[in-house]
Amino acid sequence: MNDNKIIGTKIQKIRESKQLTVEDVAERSGLSVEQIQRIEGNIDFPSLSPLIKIARVLGVRLGTFLDDQSELGPVVCRKGDLTGDGIGFTNNNLEGRKHMSYYAMAGDKSGRHMEPFLIDVAPSAEGEEFTCSSHEGEEFIYVLEGKLEITYGKNSYLLDAGDSIYYDSIVAHHVHAAAGGGPARILGVIYTPY
């Protein structure tokens with residue numbers, strides 16, 4: 001089973017364990033019934049924003065969908081641990097292509113308040129349009145390789161390897177590889193209050 005199917009299955013199991021219908025989650029999250037059904041049915045790669053909204057409705061942290069271990073002490077993540085295809089998210093465009101692959105770096109840490117990820121960002125096509133999203137919390141991004149563009153509100157920021165950005169996620173934003181360049185690799189830390 002790939003990681004995207006694990007996410008949909010976990011969401012459905014948690015929703016059912018709380019005796020909520022898809023319609024309940026849709027109404028409370030502001031998402032459509034169809035979108036939740038497609039996520040739970042493993043039809044769509046979800047973007048981060050809907051997952052955060054669903055997590056809040058279900059009363060769990062975002063990482064609950066991404067991990068299944070619980071370590072109370074420190075968690076060491078070795079570079080060889082970050083293998084495979086990662087968990088895919090879309091770029092919020094109509095085609096819904098896999099835009100980013102997330103590798104959880106603290107999946108075993110229980111009760112955490114931050115979600116650190118190593119993220120591979122697919123190249124962007126010239127003129128590609130993106131739909132910004134927003135959610136509660138904060139994000140920190142450090143560019144390890146490549147060039148990254150962050151649309152944040154009405155501004156855009158170009159970042160090279162070694163650059164970083166920290167922002168409030170409630171402002172509409174989108175993270176993507178700089179147009180005309182290759183892929184990028186970033187360290188992203190997401191904080192979402194719950």
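This text goes with the structure placed above it.
These numbers come from a predicted model, not from an experiment. (Residues numbered from 1 in each chain as written. Predicted model: local features only at pLDDT ≥ 70, side-chain atom pairs only at ≥ 80, totals over all residues. Heavy atoms only, no water.)

Focus on the sheet that holds strand S8 (residues 173–177)
Note: strands within a sheet are paired through backbone hydrogen bonds, in either parallel or antiparallel orientation. What counts is decided by this rule: Following DSSP output, two strands are said to pair if at least two bridges run between them. Runs of H or I in DSSP of at least four residues are treated as helices and runs of E of at least two as strands, each being numbered from the N terminus. Angles here are taken between N-to-C directions and fall from 0 to 180 degrees, while the axes themselves are lines fitted to C-alpha atoms, restricted in helices to the stretch in contact.
Read from one edge to the other, the open sheet built from 3 strands follows the order S6-S5-S8, with strand pairing classed as antiparallel. Taken across any chain shown, the strands that pair with only one partner, and hence form the sheet edges, are strand S6 (155–159) and S8. Taking each pair of neighbouring strands and ignoring which way they run, the sheet shows an average axis angle of 15°. Looking at chain direction, strand S5 (residues 148–152) and S8 are connected through 5 bridges and run antiparallel. Within the sheet, the bridge partner assigned to Thr151 lies in S8 and is His174.

A closer look at the packing of aromatic side chains
Threshold: Here a Phe, Tyr or Trp ring, Trp counted by its six-membered ring, pairs with any other such ring whose centre lies within 6.5 Å, and the pair is stacked when the planes are under 30 degrees apart, edge-to-face when over 60, and tilted otherwise. Here's how the labels work: a residue is buried when its accessible area is under 20% of the maximum for its type, exposed when over 50%, partly exposed in between, all with a 1.4 Å probe on protein chains only.
A complete count under the given rule lists 2 aromatic pairs for this structure. Look at Phe140 and Tyr166: their rings are 6.3 Å apart centre to centre, the planes differ by 55°, and that puts the pair in the tilted class. Taken as a pair, Phe140 in strand S4 (residues 138–145) and Tyr166 in strand S7 (residues 164–168) lie far apart in primary sequence, 26 residues in all. Classification of Phe140 by relative accessible area gives partly exposed; the value is 26%. Its relative accessible area of 53% is what places Tyr166 among the exposed residues.

Things to note about the pairing of S5
Counting buried positions over the 5 residues of S5 gives 5, a clear majority of the element. Of the two faces of S5, the one holding Leu148, Ile150 and Tyr152 and the one holding Glu149 and Thr151 are both buried throughout. Pairing of S5 with S6 involves 5 bridges; the strand directions are antiparallel. Across the sheet, Leu148 pairs through a bridge with Leu159, a residue of S6.

With respect to the environment of Ala125
Relative to the helices and strands, Ala125 is located in the loop between strand S3 (114–121) and S4. Judged by relative accessible area, Ala125 falls into the partly exposed class, the value being 45%. Sequence separation between Ala125 and Gly182 is 57 residues; the distance between their C-alpha atoms is 9.5 Å.

A short note on the nonpolar core
Note the threshold: Working definition of a nonpolar core: buried Ala, Val, Leu, Ile, Met, Phe, Trp, Tyr and Cys residues. They are joined through side-chain atoms within 4.5 Å. In what follows, residue pairs with any heavy atoms lying within 4.5 Å of each other are defined as contacts.
Ile54, Leu58, Phe65 and Leu148 are the most contacted members of the largest nonpolar core, which totals 38 residues. Here this core gets 7 residues from one element, more than from any other, and that element is helix H4 (residues 48–58). If sequence neighbours within four positions are ignored, Ile54 has contacts with Ile11, Val25, Leu31, Ile36, Ile39 and Phe65.

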